[in-house]
Amino acid sequence: MEYRAVTGVWEVTMGCNMRCKHCGSSCERPLPDQLDTEESLALARDIADLGLEWITLSGGEPLIRKDWDLIAAELSRHGVIPNIISNGWMIDEAVLERAIAAKVGTIAISLDGPQETHDYIRKPGSYRRVINALRLMQRHGVASGVITTVNRRNLPELPRMRELLAEVGVRYWQLQIGLPMGNFAENTDMVMDPGQVDEVIDFAHETMLEGRVNIYPADCLGYYNIKELQVRQRAHRTRAYPIWQGCNAGKRSLGILHNGDVLGCTSVRDRRYIEGNIRERPLREIWEDAEAFAWNRRADKSQLGGNCHKCQYGDQCLGGCPNTRLTMNGSMASENVYCSFNQAMRRAETKVAAIEETGTLLERAEGYARKGEFQIAALVLEEALRRIPDDVGLLKLNGFVQFSLANWDACLAANDRVLSCDPNDAYANKGLGLALHRLGKTDEGIPYLRKAISLSPDDDLDPVYDLAVVYRESGRIAEADALLADMSP
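Residues numbered from 1 in each chain as written. Predicted model: local features only at pLDDT ≥ 70, side-chain atom pairs only at ≥ 80, totals over all residues. Heavy atoms only, no water.

A. Seen up close, the overall build of the chain. When helices and strands are counted, the chain shows 22 helices and ten strands. If you line up the chain on its principal axes, its C-alpha atoms span 85 × 50 × 40 Å. Across the 489 residues in the chain, those meeting the buried criterion constitute 54%. Of all intrachain contacts in the chain linking residues separated by at least 6 positions in sequence, the fraction that spans at least 24 positions is 63%. (Helix = DSSP H or I, 4+ residues; strand = E, 2+ residues; numbered from the N terminus. Buried < 20%, exposed > 50% of the residue type's maximum accessible area, 1.4 Å probe, protein only. Contact = heavy atoms within 4.5 Å.)

Here is the structure:
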């Protein structure tokens, strides 16, 4: 698959005039290996050559670089829209004139609450500077945005912030979750609980319906919640729900650090995920390297943990934000507890465990499976099998449900347990053969499929067609045709 870079984030400096309590990069002063002006202008041209449509200049505080507008202008000159994320402290008439001249697209300012909260997180006086900057941008016709890092302290204050943003004419408001990394790792008492993710989504949905401020959930906020899908639908101005299809890092977007290091996403601070440096290799060469960004380009559901590993959306979602999993669990091969669907399933697990009658569990599992609600059916079956682990009927139903969820290893395990009780169960032989095929063990699975055919009634052609599909998917077309020919009248 060819990956086309469309957008990115370039941290042009690690220098900053604030010491924010939630700064994931722990920014302080510019580092000695920062790209100089000439290197930065050359990189701007390489970014254009790679085909990016827009890129966000961030930091640190990008405006502390004296040449920030030269970089922005070079990007604009070569057809790339430069956006800026700033803490707002330095924005005045002169800065806005430079931004307009450089054809900056949107200037997004970080605002983390009403005055007391914002100044507590950042520094005294910063709130007034932000409000002044937003009013100046409104006056000059500069597209303005606000980015809010949601935490325990400011979550209840979001409605007050909405009133303020509507008043000062902010066009875009992005909400993101603060994770315990960088400075925020020293302030974990402010980190939002995973169970509060729906509160943020509910607020975003309410704001969308109100229509005064265009609200955008960041990629770390979601997933598979109907309200969240509706918010993204409005934000992307589309009639179709823009369903989360996995992180774009290394697929459609990239990150560049102050020293020219290239990685999939600048939120990921682990050096293991740096793909190269533009001082050593051209940007295009790094992007087009077949081995680059493998952690995301080659990701699949089997690499996830916990509920994400068995989730019906796992192959599409790939666990939501990789950095959330990395930060919270120390590994991307884990589950994302800041997922709305994950939290919904956890609540469902609690309710299912409270059902006392095992017979009720079986009835509900069968009902959910008939309706195609396989995720909740799997939860019910998990509890039922915990109580009666060797019930063949439950195991066969679980094999079907797990196959429907593309949980091949769980499907294999369920059918294997059935066959340990009855080696001649045709349905379990077929299920085991198909699971092995999906796990890349086709040669091991074919004998089970052939056995299923021999054990099935003559009028049951499902195992025959299943084996034919397996042959075709394996490139064994002649054997598939011969098999089907044998079944012709």
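There is more to say, and it comes next.
B. Quick look at the packing of helix H5 (residues 126-140) against helix H6 (residues 158-167). Where H5 meets H6, the axes come as close as 10 Å, and the angle between the chain directions of the two elements is 35°. For the pair H5 and H6, contact is made by Tyr 127, Ile 131, Leu 134, Arg 135 and Gln 138 and by Leu 164, Leu 165 and Glu 167, respectively. Of the residues that constitute the contact of H5 with H6, the class distribution is five nonpolar, one polar and two charged. (Axes fitted to C-alpha atoms, helices over the stretch in contact; angles between N-to-C directions. Nonpolar A, V, L, I, M, F, W, Y, C, P; charged D, E, K, R; others polar.)

C. Focus on the pattern of salt bridges. Applying the stated rule across the entire model yields 38 salt bridges. Between Glu 93 and Arg 139 there is a salt bridge whose closest N-O contact spans 3.7 Å. Here Arg 139 lies in helix H5 and Glu 93 lies in helix H3 (residues 93-101), a separation of 46 residues in the sequence. By relative accessible area, which is 60% here, Arg 139 ends up exposed. In this structure, the salt-bridge partner of Asp 261 is Arg 271, at a minimum N-O distance of 3.4 Å. Separated by ten residues along the polypeptide, Asp 261 in strand S9 (residues 261-263) and Arg 271 in the loop between S9 and strand S10 (274-277) bring together distant segments of the chain. Residue classification places Asp 261 among the buried residues on the basis of a relative accessible area of 6%. The structure contains a network of salt bridges with shared partners spanning Arg 162, Glu 163, Glu 206, Glu 210 and Arg 212. (Salt bridge = Lys/Arg side-chain N within 4 Å of Asp/Glu carboxyl O.)

D. Representation of the pairing of strand S4 (residues 106-110) within the structure. Burial within S4 is extensive, with five of its five residues counted as buried. Here S4 shows a buried face lined by Thr 106, Ala 108 and Ser 110 and a second buried face lined by Ile 107 and Ile 109. Strand direction decides the pairing type here: S4 and strand S5 (residues 143-150), joined by five bridges, are parallel. Paired with Ala 108 across the strands is Gly 145, a residue of S5. (Pairing = 2+ DSSP bridges.)

E. The arrangement of the environment of Pro 114 in detail. Position of Pro 114 relative to the elements: it lies in the loop between S4 and helix H4 (115-121). Ignoring anything within four residues of it in the chain, the contact list for Pro 114 reads Tyr 127, Glu 157, Arg 160 and Met 161.

F. The nonpolar core, seen in detail. Among the nonpolar cores identified, the biggest contains 101 residues, and Trp 10, Ile 47, Leu 57, Ile 107, Leu 134, Trp 173 and Leu 175 are the most heavily contacted of them. Counting residues per element, this core draws most heavily on H5, at seven residues. Apart from the residues within four sequence positions on either side, Trp 173 is in contact with Val 146, Thr 148, Leu 158, Met 161, Arg 162, Leu 165, Phe 203, Val 213, Asn 214, Ile 215 and Tyr 216. In terms of nonpolar packing, the next biggest core, distinct from the first, is built from 22 residues, Val 352, Ala 369, Leu 432 and Leu 436 among them. (Core = buried A, V, L, I, M, F, W, Y, C linked by side-chain atoms within 4.5 Å.)

G. Representation of the side chain of Lys 251 in the model. By the element assignment, Lys 251 lies in the loop between helix H8 (226-235) and strand S8 (253-256). Put simply, Lys 251 is tucked away with no salt bridge, and the nearest opposite charge, on Asp 300, sits 10 Å away. Reaching out from Lys 251, the side chain makes a polar contact with the backbone oxygen of Asn 296 at a distance of 3.5 Å. (Lys, Arg positive; Asp, Glu negative; His and termini not counted. Polar contact = N/O pair within 3.5 Å; in protein donor to acceptor, adjacent residues only side chain to side chain.)

H. H5, seen in detail. In this model H5 runs 21 Å from its N-terminal to its C-terminal C-alpha over 15 residues, within 8% of the 21 Å that 1.5 Å per residue would give. The inward-facing, buried residues of H5 abut H3, S4, H4, S5 and H6. Where H5 ends, the next residue or the one after it, Gly 141, has phi of about 75°, a positive value. (Expected span 1.5 Å × (residues − 1).)

I. Region of interest: a negative patch on the surface. Judged by side-chain charge, Asp 458, Asp 459, Asp 460 and Asp 462 come together as a negatively charged surface patch. Checked against the element boundaries, Asp 459 lands in the loop between helix H20 (442-455) and helix H21 (462-473). (Patch = residues over 30% accessible without salt bridge, like charges linked within 9 Å, V, L, I, M, F, W, Y side chains within 5 Å. Areas by Shrake-Rupley, 256 points an atom, 1.4 Å probe, with all protein chains shown as cover. Charge placed at Lys NZ, Arg CZ, Asp CG, Glu CD.)

J. Main features of helix H2 (residues 68-77). Along H2, eight of the ten residues are buried, which leaves the element largely enclosed by surrounding structure. Trp 68, Asp 69, Ile 71, Ala 72, Ala 73, Glu 74, Leu 75 and Ser 76 are the residues of H2 that are buried. Where the residues of H2 are buried, they touch strand S1 (7-11), helix H1 (37-50), strand S2 (54-58), strand S3 (81-86) and H3.

K. Representation of the packing of aromatic side chains within the structure. Following the criterion strictly, the structure yields nine aromatic pairs and no others. Aromatic pair Trp 173 and Phe 203: ring centres 5.6 Å apart, planes at 85°, arrangement edge-to-face. In this pair, Trp 173 is assigned in strand S6 (residues 172-177) and Phe 203 in helix H7 (residues 197-210), connecting sequence segments 30 residues apart. Classification of Trp 173 by relative accessible area gives buried; the value is 0%. Relative accessible area serves as the criterion here: at 7%, Phe 203 is assigned to the buried category. Consider the rings of Tyr 223 and Trp 244, whose centres lie 5.0 Å apart with planes at 50°: the pair is tilted. Placement of the pair is Tyr 223 in the loop between strand S7 (214-217) and H8 and Trp 244 in the loop between H8 and S8, with a sequence separation of 21 residues. Side by side, Tyr 223 and Trp 244 carry an identical accessibility label, which is buried. Counting every residue linked through ring pairs, the aromatic cluster contains Tyr 224, Tyr 313 and Phe 341. Over the ring of Trp 89 we find Arg 129; its NZ or CZ atom is 4.1 Å from the centre of that ring. (Phe/Tyr/Trp six-rings, centres within 6.5 Å; stacked < 30°, edge-to-face > 60°. Lys NZ or Arg CZ within 6 Å of the ring centre and 35° of its normal.)

L. Summary view of the packing of H7 against H8. As a packed pair, H7 and H8 sit with axes 9 Å apart at the nearest point and diverge in direction by 40°. The angle between H7 and H8 places the two elements in the oblique class. As for the relative orientation of H7 and H8, their crossing is left-handed in sense. Of the residues in H8, those touching H7 at Ile 201, Asp 202, Ala 204, His 205 and Met 208 are Lys 227, Glu 228, Gln 230, Val 231 and Arg 234. Class assignment of the residues belonging to the contact of H7 with H8 gives a composition of four nonpolar, two polar and four charged. (Parallel < 35°, antiparallel > 145°, perpendicular 65-115°, else oblique. Left-handed = near helix turned anticlockwise from the far one by under 90°.)

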